[in-house]
Every structure is written in structure tokens, then in C-alpha cells.
Amino acid sequence: MQSIAYGFPRLGRKREYKKAIEGYWKGNFDETQLDAQLTELHQQMLDAYAAQVDEYPTGEMTRYDWMIDTAIMLGVYRPADLNEYYELCRGEHALEMTKWFNTNYHYIVPQLDGVEPGDLSLTVPARPEASQAEHTPPRFLIGPFTFFKLSKGISETRFAEYLRAAAKLYRDLLEDYAACHIHEPAFAMDISESERAAIAEAYEIISHSGAQITLFTYYDSVDFLEELFALPVDGFGLDFVHGSENVGEILRIGFPEQKRLVAGLVDGRNVWRTNLSAARDTLEALSGVTSRLAVSNAAPLFHLPVTLEGESLGAQLTAALAFAEEKLEDISHLAATYDSGEREALPQSPAVPGEGSVRRTVEELTEADFTRSAPYEQRRKLQSQRFDLPLFPTTTIGSFPQTREVRKTRAAFRRGEITSEQYQGFIRETIADSIRRQEEIGLDVFVHGEPERSDMVEYFAEKLEGIATTQNGWIISYGTRGYRPPIIYGDISRPEPMTIDEISYAQSLTDKPVKGMLTGPVTIIAWSFTREDIPVHQVAYQLSLSLQKEVADYEEAGIGMVQIDEPAFREMAPNKHRRWADYFDWATRAFRLCVANADPRTQVHSHMCYSEFNEIIDEIQKMDFDVISIEATRSGGEVIDSFEKTDFTRQIGLGVYDIHSPAVPTQEEIERVVQRAVEVIPRENFWINPDCGLKTRDWEEVMPSLKNMVSAATSLRR
Ligand code: GLN
Ligand code: ZN
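The rules we used
Residues numbered from 1 in each chain as written. Chains lettered and ligands numbered in written order. Predicted model: local features only at pLDDT ≥ 70, side-chain atom pairs only at ≥ 80, totals over all residues. Heavy atoms only, no water. Helix = DSSP H or I, 4+ residues; strand = E, 2+ residues; numbered from the N terminus. Expected span 1.5 Å × (residues − 1). Buried < 20%, exposed > 50% of the residue type's maximum accessible area, 1.4 Å probe, protein only. Pairing = 2+ DSSP bridges. Near = heavy atom within 4 Å. Polar contact = N/O pair within 3.5 Å; in protein donor to acceptor, adjacent residues only side chain to side chain. Nonpolar A, V, L, I, M, F, W, Y, C, P; charged D, E, K, R; others polar. Donors = N, O, S within 2.8 Å, 3.2 Å for Na, K, Ca; no water. Tetrahedral: all angles 85-135°; square planar, octahedral: opposite > 155°, others 65-115°. Axes fitted to C-alpha atoms, helices over the stretch in contact; angles between N-to-C directions. Contact = heavy atoms within 4.5 Å. Parallel < 35°, antiparallel > 145°, perpendicular 65-115°, else oblique. Left-handed = near helix turned anticlockwise from the far one by under 90°. Core = buried A, V, L, I, M, F, W, Y, C linked by side-chain atoms within 4.5 Å. Phe/Tyr/Trp six-rings, centres within 6.5 Å; stacked < 30°, edge-to-face > 60°. Lys NZ or Arg CZ within 6 Å of the ring centre and 35° of its normal. Salt bridge = Lys/Arg side-chain N within 4 Å of Asp/Glu carboxyl O. Patch = residues over 30% accessible without salt bridge, like charges linked within 9 Å, V, L, I, M, F, W, Y side chains within 5 Å. Areas by Shrake-Rupley, 256 points an atom, 1.4 Å probe, with all protein chains shown as cover. Lys, Arg positive; Asp, Glu negative; His and termini not counted. Charge placed at Lys NZ, Arg CZ, Asp CG, Glu CD.

A. Helix α20 (residues 536–556), seen in detail. With 21 residues, α20 should cover 30 Å at 1.5 Å per step; its first-to-last C-alpha distance of 31 Å lies within 8% of that length. The element α20 is extensively covered by neighbouring structure, given that 15 of its 21 residues are classed as buried. Following α20 by one or two positions, Gly558 adopts a phi angle in the positive range, close to 85°.

Structure (C-alpha cells):
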């Protein structure tokens, strides 16, 4: 059995990738030094592969992102030098970023407006390549279909034309290679008839290069396997972990003789050791339809941290875990034991059971447990009596600038250099300062500012039972930016209140309502690794039950508003629309469960930060919140237009300015955004707020921006 792997994390064991690139940005290294470091890292990736598997690609290193590299390769952008390259990625006029499929990786979105098919031309970008001594591994490439499908600015009617033009360039490029791995994860999306025809035509062209091509798809099953298998390439890598329908379909339709089937059986997206005996059963079934069978990871390994080495997660949990390096071992182990046939030698993944009664509680939930005691219209009346807010109430999304001082003090506390009392005292001062500032600005609804939270998921993960956090389990979220996803391994419970001290302290300093801030269950799951021994909706409901207790504590302390952030709500949605109903059913229930017991006079807010709202507007209404705030400024008018077609009855704050930019919006700019929005949204439903938290900004920008926002509200009210 041949073993194959791809997508190994480029970050490095000690986040060398981040240090190298950020060092270049700071001027500590020049281009040659940067490339030397990236080449070294690439070599480490190749060495990790070579130690475990038979086949792996070269060319997976990038200075920032594969999609922008592909755009440059096709001549869409022609940066003159490395600085211009980074301008495209992160400069003041940087290209847009968006989520890569249903993952938390963000890619740079190529913008093809104004680019004609005839403008495309092959420019092989200088990529840091490791030298290859004995043999040349297959070249890694993002495929042309995925490239165009995920780009912006080409009309559907001309899609095939672009694809054809690009296919010729891929063909020319591949003439120099003996073998290549072309990645087409977009094949696992909902693909139309005409797109299938365009794919067939493109791969017919590419096949003339003479290179031996293996096409990889992942993140879901492919709905057109018969047509896929007819493409003139040498083999296909499929995802048998997230593509639950792939195996059954192959057993039904068969597999072309002579071609190679690469069975993705080792999960690249979650951290659990592979159930080797189940994987082997699948391999045995597949061996009935093809003799050229290989085994690989399913989905790229960069969704995982590099290695478990150095983590102290306890013996039982550690034995159940596998990060990228350990997944390579799983692949190799699976291939070896398949060959030797020694079933007994397969280690079982140990279950890590949780404790407590939460599982039973979840099983016994009934419809009433997900439902607030009064309908929205009734709550609205009660709440407006309670809060007596003006037209166009002003507020913010939760976090205020996490200054150097905040970060330094937290680090000192974590290192044990200051006591818990000193740290708590500092947090209180920071909260008091932000309350004073909000009074000065004149906002209507306050927040405590979240100075105690380094990360909105990690903060709750550290406080809840059943969730572990790692020392060094970094993965890239975009560019050089990493985060450490917590690991949900057992039943979840809340040993003690998590946020009430800070929120009620803030409320004690002001007569204005302070919103209690919680991270929602879907976002906690989306930005963590989660257990798989129970269905995901049960994990979500367990989280909701802990958050429900937090809401009850708020009410007892007289906090009248709670905001449950769900920025990952859209990204968690499956790649295929036919799986949406199921997902949105549990996701919206999980949200409702958090607040189902809340008094009708308690105002429930939610926040989501992306702009493609139109597709999910109806699902979102089922969350039954009272107020939602979303991002709107970066997508121009698109979001606002989407409200023309729906009957959105809740209160809504469409972000009136873009917090991702340091620019201070003027009062007039803000008024214009609001005026445009209230053409389609009833003015009595409209809140005024920035489009996301202000954590990454400085007070020097935040104070004038929010003051202009409040002036805009005052003037609009008049
Ligand atoms: N309340 C969070 C904050 O303001 C929300 C962050 C987010 O939407 N990602 O930082
Ligand atoms: Zn946001």
C-alpha cells in the first residue's frame, strides 16, 4: 500500500514562518535572508514527509498564501518585487480576505474585474523551493477551477472561457514536470452542469502536458464522480472522512482501471488518532474496485498544529491525539499494517469520557427548552419600556483597544510575575477607564471592553471543564497570524461563573445599560477541535447549558442586556447546500438554548462579522435574538440590498464604519451609510455601531471615530 501526504503546516515547530516573514516586514531581514529561512522550513516539511510516507508534493511553501501565488502565476497581478507582493496581501489597499471553504483559514481573494482571458499569462513566481537531491516529488498546484471559483469579478457566462485560457498555461507549466498534484477542493462544492463541462474541457487541455497528474479534492464528497473519473489524468485523491458519500458511490459506480485512487482516510482537520481498523475496512472494500490504491490524509494537514511533542495534556488525552506529525505516523501505520495484515497490532483510539450529568440533560431537552417565554413583539415592548433608548441607539461590539499595557500585564500575570490580585486590580482599572471614555463619548449602551480576554474562544475554553488548551498548538488563520484552537474532549460544564465579576463591576460604575458579553456555542466549536464520539449538536447544547447559567447570573446581578457573539456562524455552514438545513437547525437551537430561560425584559444581542448575509438571513432570524449587529461597510451596498428582499423584523446594527482600517470616519460618512440603510430597514429598528470589536485599534483612532459616530446619531435623530 502506497502512502501519500500533503498540506503539512508551513508554520514550523517554533513558528519560524511567522518570525521570518514578520522579521522581513520589520526590516530585520532582507529578501535573501527571508527566502533562506523559508527554504529551510520547506526542507523540514519535506523531511517530515519523507520520514513517514512514500509520496508527497514539493512547492507547498508560500510567502503568504497559495491563492495570491496562483493569481500571480497566471499573470493576474504582477508585483515588481517582494514589497509589492506584500502590499497586495496586507498593504493599505490590500485585496480582500475570506474564509477558505468551511475552515478558519482565510485566503486572499483574487479580484478579476477588468482582467480578460487573453490577459492571462504564465509567470512562474519565485517561490522558496528546497533542493531535491535524489528524486523530484510531484509539483503542488492549486487547480484552475478552484482558483476561478474562489476568485471574484468574473461572470458566470464567461467562466469557461477563463478556465480554458488558464488551462493552457497550466499545460505549458507542467511540461517541465514529470508529475504533479493538482488540488481542486472546489470540486466538493455544489457544481453546476456547465461547470462540469468546463472542468472536462480544461483537464483535457492540461492533460496534453504529459505530466502525471493526480487530482486531489477534499472537505466534502464530490457529486459528479463518474465525470471526475473520466478526466484524462492519472489518479484521484478523495476525502473519505468529510466526504461521507464518496465510498458508497465508488462502490456503486466502480473505478476506472489503470487509474490510481488515493484514499483520504486520516483526518487533516481534527486532532484525534485515526480509527485504524475502521480505515482498514474501508481500504479493503475499495480494494475490490481498484488495484492501484494508496492511502493519504483527508484534507490538508495545515489545519492542525505541527506536533504534540512538548504538550502536557495528560496521558489519557495525549494518547488519543494526533497533530500533523502524528497524522503522518497514522498514514504510514495504516499502509504498513494493511500490507502485513496484522489486525491485532492496530492501536485503538482511547475514548476520553467526560463526567457529570450534562449529557443526560442534553438528551432530555424538549422544544420548550429552546424557546423564550414571550415572542419577540411582546419582548420588544417590555424592553423599550425598560431601557427607554433613543432612536438610533449607539453602542459598540464589545472589545476596546488591547493596548501594549494590557498585553504586557497579562503576560506578566501568566508568567507569575504579578499576583492574581494585582492582575484583577489592573483589569478593574482598565474597565473603569473604558466606562469613563464611553461616558465622554456619549454612547447609549455600554460594554466593559473585554480587557481580560486575549482571545474570545480561548478565554471560555480555559474556564470550562471538558476543554483543554495547548502550549504550542498554533495554526495559521491567515498570513502569519496564528491562533491556538482549544480541544473539546469531554462533557462540558461550568465549575464557576466566568464573566460576571467584570460585567457587574462595569455596570456598577454607570447608569447606562452594560451588555454582558459571551462567545456563542457555534463559534466556540468552530474555532476549537471538537470531540467526535458524540454528535456535534450535543457538544453545542452542552456549551449552551453552561452559557445559560452565565445569563442567569447576569439577570440576578441586574444586567439587562446580553450579547452572544457568533462570528463563525456562517463559516461553520457545510460546503453543500443540501446539508444546510441540518446544520442551521442545531446551530440556531444552540443559540436559543443559551437564552431560552431569559426574562422577556432581558435584551438579547448577537454579533456576526462577515458580510455575506443575504444567503442566510432567514436562518438567522430563527435565532430569535432581539438585536443583531453585523459587518456591512467592507462589502459596499450588497448587504443593504439584501434587506430589500427579506422581511427582517428584528433590530439591527449594520456596522457604520470599518474597524479594520485605521482611518477615522467622518460624521458625514457615517450619516450617509445610515441614510442609505434606512431606505430599506425601518429606522426604529436601526442601531448605530462600528462593524466589529475595537481590540486591534488604538484609542487615538477609537475616540474620534466613536465621537463622530455619536454626533452622526444625534444629527440623524434631529
Ligand atoms: N465581542 C467581540 C469583540 O468585540 C466580537 C469579536 C468578533 O466578532 N470576532 O472583540
Ligand atoms: Zn465581529
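Following the structure, the description resumes.
B. Region of the structure containing the pairing of strand β19 (residues 651–654). Along β19, one buried face is formed by Gln651 and Gly653 and the opposite face, lined by Ile652 and Leu654, is buried too. Strand direction decides the pairing type here: strand β18 (residues 627–630) and β19, joined by 4 bridges, are parallel. Directly across from Ile628, in β19, lies its bridge partner Ile652.

C. Focus on the site of ligand 1. For ligand 1, the full set of nearby residues is Ile397, Gly398, Ser399, Glu450, Met456, Asp565, Pro567, His607, Cys609, Cys692 and Gly693. Contact between ligand 1 and Ile397: a nitrogen atom at 3.2 Å from a main-chain N or O atom of the residue. Asp565 is positioned such that a nitrogen or oxygen atom in its side chain is 2.6 Å from a nitrogen atom of ligand 1. Broken down by class, the residue content of the shell around ligand 1 amounts to 5 nonpolar, 4 polar and 2 charged.

D. Examining the coordination of the zinc ion (ligand 2) more closely. Protein ligation of the zinc ion (ligand 2) involves His607 (NE2), Cys609 (SG) and Cys692 (SG), the donor distances falling in the range 2.1 to 2.5 Å. Its 4 donor atoms give the zinc ion (ligand 2) angles of 84 to 126° at the centre, a pattern that matches the irregular case. Here the donor residues of the zinc ion (ligand 2) are spaced in sequence according to H-x1-C-x82-C. Residue His607 is classed as buried on the basis of its relative accessible area, which comes to 2%. What makes Cys609 partly exposed here is its relative accessible area of 25%.

E. Broad picture of the sheet that holds strand β1 (residues 2–4). Across the sheet, which stays open at both edges, the 7 strands sit in the order β1-β9-β8-β7-β6-β5-β4 with parallel pairing between neighbours. In this open sheet, the two strands that pair with only one neighbour each are β1 and β4 (139–142). Within this sheet the neighbouring strands show an average axis-to-axis angle of 25°, counted without direction. In this structure, strand β6 (residues 212–216) lies alongside strand β7 (residues 235–239), joined through 3 bridges in parallel fashion. The partner of Leu215 across the bridge, within β7, is Phe236.

F. Quick look at the side chain of Asp624. The topology assignment puts Asp624 in the loop between α22 (617–621) and β18. Residues in contact with Asp624, not counting those within four places in the same chain, are Arg372, Tyr376, Arg379, Arg592 and Arg650.

G. Quick peek at the packing of helix α24 (residues 667–677) against helix α25 (residues 699–717). With their axes 8 Å apart at the nearest point, α24 and α25 run at an angle of 55° to one another. Judged on the interaxial angle alone, α25 and α24 are oblique. Once α24 is placed against α25, the crossing between them reads as right-handed. Counted together, Gln667, Ile670, Glu671, Val674 and Gln675 of α24 and Ser705, Asn708, Met709, Ser711, Ala712, Ser715 and Leu716 of α25 form the full contact between these two elements.

H. Representation of unusual backbone geometry in the model. Of note, the phi angle at Arg15 is positive, near 55°, even though the residue is not glycine. When you line up the elements, Arg15 lands in the loop between β1 and α1 (16–25). Its identity as a non-glycine residue notwithstanding, Asp388 has a phi of 50°, on the positive side. The topology assignment puts Asp388 in the loop between α14 (376–387) and α15 (404–414).

I. A look at the nonpolar core. Ranked by internal contacts, the top residues of the largest apolar core, which has 233 residues, are Leu228 and Leu654. Setting aside its immediate chain neighbours within four residues, Leu654 contacts Ile630, Ala632, Val639, Ile640, Phe643, Ala677, Ile681, Phe686, Trp687 and Asn689. If you look at the next biggest cluster of nonpolar residues, it comprises 5 residues, including Phe387, Val445, Met561 and Val627.

J. Molecular detail of the packing of aromatic side chains. The tally for this structure, following the rule as stated, stands at 38 aromatic pairs. With centroids separated by 4.5 Å and ring planes inclined at 50°, the aromatic side chains of Trp66 and Phe140 adopt a geometry described as tilted. In this pair, Trp66 sits in helix α3 (residues 66–73) while Phe140 sits in strand β4, placing the two residues 74 residues apart along the sequence. Given the relative accessible area of 8%, Trp66 is considered buried. Through successive ring pairs, a cluster of aromatic residues spans Phe145, Phe147, Phe148, Phe159, Tyr162, Phe187, Tyr203 and Phe224. Just above the ring of Tyr505 sits the side chain of Arg428; from NZ or CZ to the centre is 4.2 Å.

K. Up close: the environment of Arg592. If you trace the backbone, Arg592 turns up in helix α21 (residues 580–595). A residue is classified by how much of its surface remains accessible, and Arg592, at 14% relative accessible area, is buried. A distance of 3.1 Å separates a polar side-chain atom of Arg592 from the backbone oxygen of Phe370.

L. Main features of the pattern of salt bridges. This structure, assessed with the given rule, holds 47 salt bridges. Notably, a salt bridge pairs Glu458 with Arg484, separated by 3.3 Å at the nearest N-O pair. Separated by 26 residues along the polypeptide, Glu458 in helix α17 (residues 458–463) and Arg484 in the loop between β12 (481–483) and β13 (487–493) bring together distant segments of the chain. Assessed through its relative accessible area of 7%, Glu458 is described here as buried. Where salt bridges share partners, they join Asp220, Asp223, Glu245, Lys576, Arg578 and Arg579 into one cluster.

M. Representation of a negative patch on the surface within the structure. Taken together, the side chains of Asp81, Glu84, Glu87 and Glu92 make up a negatively charged region of the molecular surface. Secondary-structure assignment places Glu87 in helix α4 (residues 82–90). Glu87 gets classed as partly exposed once you look at its relative accessible area, which sits at 45%.

Geometry only, nothing functional implied.
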